[in-house]
Structures are given as structure tokens and as C-alpha cells.
Number of protein chains: 2
Amino acid sequence: MRVLAFLDGTLGDPSQPYVRVDNTGVLRGDGIFETVLVVDGKPRELGPHLDRLAKSAAMLDLPEPDLELWEQAAQQVIDNWEGSSEIAVKLVATRGSEGDPDAEPFGYALGMEIDEKVKRARTEGIGVVTLDRGFGPDVAERAPWLLLGAKTLSYAVNLAALREAGRRGADDVIFTATDGSVLEGPTSTVLVAKGRTLYTPPPTVGILPGTTQRSVFRAAEAAGWTVKMEPVPGGELAMADGVFLASSVRKVTRVHTLDGVALADSTAVHAELCEAYEAQYA
Amino acid sequence: MRVLAFLDGTLGDPSQPYVRVDNTGVLRGDGIFETVLVVDGKPRELGPHLDRLAKSAAMLDLPEPDLELWEQAAQQVIDNWEGSSEIAVKLVATRGSEGDPDAEPFGYALGMEIDEKVKRARTEGIGVVTLDRGFGPDVAERAPWLLLGAKTLSYAVNLAALREAGRRGADDVIFTATDGSVLEGPTSTVLVAKGRTLYTPPPTVGILPGTTQRSVFRAAEAAGWTVKMEPVPGGELAMADGVFLASSVRKVTRVHTLDGVALADSTAVHAELCEAYEAQYA
């Protein structure tokens, strides 16, 4: 099922059209979004998601979002949901009609079922390929107009990378920088376990700060892990005790195969991290 | 005014919504487009535009577009236009509703007025800044999943670059590769004149093959120019006899200022190229 709520508090019918053909979201991918996981009626990390929405808006010179209205729209979706116990709530904001200087930003919250494939991957793990993102790890700070670190609606490259993974018989992608260092997944953050230390690359390399990564780090630290946000050379992946992709809807998903080669068995590490992550929301 | 036509031959009301909130065009910038210039009822370079639409579709693994239907939709817009003598007709195709395996691609042709600022720039020229695109000139062939050379709806970076130009007091942008070589504008192709030779970078450096660039090259060659498609070092811009941005709606627009420094007066070269370009459509 799908539930649609607007920022003015009204509900919509997701099978009906609401977007004009001249909306910059359609014509230009010119807008921002977040995907919030809701479990048993409770949204996870809503605050960090809303903060990131505001940060993305600033990076795109969009008007500052009224976070209270966005929170209410998300709650509207939750209150009217009659589907499974988990919802992926997308928060989507576009600039409005192209060429209209008085265009009002257009936004909505859309509750969607989580793909069965995504749920299955949480327990079964996934095969991943590394793909060159074409950027050096120093470009984000030098060239803010590239919007690295903003969660924009311009995801065509991310989807093309996922299709390339499919062609190579894999489920997902880890993007690497031109120096071979680890960046992020097209829709996820990369976590690497070595002994009792958990690593993830810093946002300064040109990636999105991960809301789920932050939550897992917090939980792991409380469980006695050391957590480090620092550049991860690509070669570390094959030698790690565990490689994981983290995102709202996939939670912590274990990578069992990298570029066609089986990684070390990380089921125990994975179970421990998942337990720590889930315990925060119990 | 705006005129909207669908691929089934019907007309729409552009002030009404036709796009669902779960359309991948909105949620992911996952689609393709073209902008065709129509002057006095005659579309320019429609064949090359349609060919490029088909090429973009292939790069995004979209179904092959029925070019005859697209041509008819463009003609519908032209037949129902009651605005100025020039129309920018956008052809837009998206993958359809996200998560729906039976989703039908969604497409339309939208006729729009050409911005006065764009028309003015054709005669007055523009100031341009160079901005780093973050890619090396060799990445496109190595990493086709980056979709360099496809005209996708994911244009957030292109728009952000144009806003950056505005902040720097300029009108437009020339993207450069990490080695400083010339790539393209966010919505245009770069042409450089030196003596009686016209240069433009080849698509292999990771840029869109320009329909207007091709038309101008054809016209210039017929007028006795030598035309060369080869890498253009960034340093060549300041030393050129003329730098121009070419695209459907801006035709050939003269760059008078680069990164705040006045370029050589290219009004005579510009007038000659414009005359040759226009003569093809007389």
C-alpha cells in the first residue's frame, strides 16, 4: 500500500497525479529527499533525517524547510498506514514550476512498502561490486556546486550503477574514488569492521553523512566497539572482518561477496551489530 | 504560454498535474529529455534531437522510444502554439512509477516560451566562469554508469553550477575537467574560434554531443571554415578569437568575459557564424 500526505496536512491518493509536468523535480531532478524507516509506528532517526533535509535544501539554495510541517506530514502517513509493520516514508521537496519566479516549493511525504528483496538481504546478505565514481576524494570541498553530500532528486547515476551491478550478477554497489578509496553505496553508507573497530569514510570525501551509519556507530560504541570516521583504502574491503551497507530501509546489510570473491564470514559480527542497532529502538 | 502534448496524440493543460508522486522522474531524476527549438513553426534539428533521445534511452536502459510518436507530439505542440515566433519544445520521458515492474514509461512534449534573458544574450553576449566538473577527461569511457553523454533528468548539479555563476556575477558556466581541459556548459556546448578554425571537445571527454554544435560546424565548414573536434586545453579559452556557447535555445551565444576578464572582441566572428547557422534554416 501507499499513503500520501502533503505539508498542509491533507492526504492524497497516490494513484492520482499531483505533480505538474513543468515541475523542476521532473524536468531537472531539482529537489531533495529523505527516506525514513518507520517500524511499528515509530519513525527512526527522524531528527537527523530532518536535519539532513534542511542541509540539502541549503546546498541547493532551496527555501529553508519548515521541519515541523515535514514531521507532521510524516506522522500523517504513519497514522493512516494500514500495511506491514515497516514503512519507508519518503520526504520529497522540489523547487516548483520551472521558469516561474513565484513558484512555490512542492513537497510531500509518501509512505511505501519496503521491497521484499531489501528485507531478504538484511538476513541473507548481498553481493556487491565496486564501481568508479569518477571523482577524487578531495573534490567535494573544492567544488560545492557538485552537490556531493546533498541528497538530491538527481539519482540517475545511482540507479545506473545499480543496474550495472545487476549486469555483473551482484545486488549492490560500493563506489570508489579515483584513488581507489571507498566512498559510499548509491543509496547506502559503507561500514567496515576490523577486530573491534568499525570504520566509515568521512563526509569530506564527497559522500552523504549517513543517518543509519551514525545510529549504528552510536550503538556499537555503547557496546564496546571503537568507531572511526576516516578514509578507507579500497584494499581494506577484501581484508576486513566485515563489510556492511547501512541505510534506513536496509538497516545493516552484510556484504558476503565483493567483486565476485567471497569475503570472510561476518555473520557473527553482523548479528552483534544488528542487535546493538535494534536495541536502541526497543 | 505553454502547450502540452502526450504521446497518444492528446493535448493536456500544463497548469494541471499529470505526474504521479511516485514517478521515477520526480523521485530519482530517472528519465531523459531533449529541448528542440522551433522557429516560425519549423523545428530545428529534430532528427538529431530524436536520435539523441534514443541514445540517452539506451544508456539508461529505458525502452526504445517510438520516434514517430515523439515527432507527432512535438508537431502537436507546434500546431497548437499561439505564442511568440520561437518555441522551446521539451521532450521528456521517465521510467514510470517506482517499484512497479509493469510501470509504463511516461512521456510528453511541452512547448514553452524562451526566456527573455536567453534571447537578449544571443545579441549582447554573456560573462562566463569556469568551474571544475570533478571528472578527468578519460572517465566517460571507463565508467559508462556515470551516464556522461546521456541527457538525463538529473540536472541538479548543472543548475547548482549556474547558481554559482550567478553568485560570481556571471551568466553561465564552462565546466573543466580535472586536467583543466574544456568540457561543456551545464546546458550548452563550447565552441572556440582561432583564425578560421572552429574547435569543440569530442564527446569522448564525457560530454553531450551537441545538436546545435553539429549544425554550426556544418554551416561554418560550408562557409570555408576548418572545423575540428579535439580536446581543448583550458588555457586556449583566454587566447581564442572567439568563445561561444551553443544550444538549441541560445543558438550561438558569444562569451565576452571569462572568469571576470574581458575576452578578445569576437562580434565579427560571431555575426559570421550566426549568419551561416541561420542561413541553413532560411
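Residues numbered from 1 in each chain as written. Chains lettered and ligands numbered in written order. Predicted model: local features only at pLDDT ≥ 70, side-chain atom pairs only at ≥ 80, totals over all residues. Heavy atoms only, no water.

## Some points on the pattern of salt bridges
Note the cut-off: For salt bridges, the criterion is a side-chain nitrogen of Lys or Arg within 4 Å of an Asp or Glu carboxyl oxygen. Comment: elements are numbered from the N terminus, with helices defined as DSSP H or I runs of at least four residues and strands as E runs of at least two. Each residue is assigned to one of three classes by its accessible area relative to the maximum for its type, calculated with a 1.4 Å probe on protein chains only: buried under 20%, partly exposed between the two thresholds, exposed over 50%.
A full pass over the atoms with the stated rule returns 40 salt bridges over all chains. Two residues, arginine 2 of chain A and aspartate 22 of chain B, come together in a salt bridge whose shortest N-O distance is 2.5 Å. Note that arginine 2 of chain A is positioned in strand E1 (residues 2–6) and aspartate 22 of chain B in the loop between strand E3 (17–20) and helix H1 (24–28), a pairing that runs across two chains. Accessibility expressed as a relative area gives 1% for aspartate 22 of chain B, which makes it buried.

## Side note on the environment of aspartate 66 of chain A
Residue and element names in this part refer to chain A. By secondary structure assignment, the location of aspartate 66 is in the loop between helix H2 (46–59) and helix H3 (67–79). Since its relative accessible area comes to 42%, aspartate 66 is described here as partly exposed. Sequence-wise, aspartate 66 and alanine 54 are twelve residues apart; in three dimensions their C-alpha atoms are separated by 8.7 Å.

## Quick look at the relation of the copies chain A and chain B
Going by this rule: A least-squares fit on C-alpha atoms brings the copies together, and the residues used are those whose pLDDT is at least 70 in both copies. Here, residues are in contact when the closest pair of their heavy atoms is within 4.5 Å.
Each copy superposes on the other: chain A lies on chain B with an RMSD of 0.0 Å after a rotation of 180° and an axial shift of 0.0 Å. Considering both components of the superposition, the chain copies are consistent with a two-fold axis. Comparing interface residues between copies, 100% of those in chain A also lie at the interface in chain B; the contact surface is shared.

## Concerning the nonpolar core
This is how the line gets drawn: Definition of nonpolar core: a set of buried residues of the types Ala, Val, Leu, Ile, Met, Phe, Trp, Tyr and Cys, connected through side-chain atoms within 4.5 Å.
Counting 90 residues, the largest nonpolar core has Val89, Leu91 and Leu146 of chain A together with Val89, Leu91 and Leu146 of chain B as its most contacted members. When residues no more than four places from it in sequence are discounted, the contact partners of leucine 91 of chain A are Ile32, Phe33, Glu34, Val36, Leu50, Leu53, Trp70, Ala74, Tyr108 and Ala109 of chain A. Among the nonpolar cores identified, the runner-up in size contains 28 residues, and Leu27 and Met112 of chain A together with Val92 and Leu208 of chain B belong to it.

## Some points on the interface of chain A and chain B
What counts here: Note on terms: buried area is the combined drop in 1.4 Å-probe accessible area of two parts once they are placed together, counting the loss on both. In this count, Pro and Cys sit with the nonpolar residues alongside Ala, Val, Leu, Ile, Met, Phe, Trp and Tyr, while Asp, Glu, Lys and Arg are called charged and the others, Gly among them, polar. Note on pairing: two strands pair once DSSP finds at least 2 bridges between them.
Contacts between the two partners involve 58 residues from chain A and, on the opposite side, 58 residues from chain B. Approximately 4,700 Å² of surface area, both sides summed, lies buried where chain A meets chain B, with 59% of it carried by carbon and sulfur atoms. Our count for the contact surface shared by chain A and chain B stands at ten salt bridges. Arginine 163 of chain A serves as the salt-bridge partner of aspartate 61 of chain B, at 2.9 Å between the closest nitrogen and oxygen. Looking at the side of chain A that touches chain B, the elements with two or more residues in it are E1, strand E3 (17–20), helix H1 (24–28), strand E6 (86–94), strand E7 (106–112), strand E8 (126–132), helix H5 (139–142) and helix H6 (156–167) of chain A. With eight residues, H6 of chain A is the single largest residue contributor to the side of chain A that touches chain B. Classifying every residue of the side of chain A that touches chain B by side-chain character gives 30 nonpolar, twelve polar and 16 charged. With three bridges joining them, E3 of chain A and E3 of chain B adopt antiparallel strand pairing. Paired with arginine 20 of chain A across the two strands is proline 17 of chain B, which belongs to E3 of chain B.

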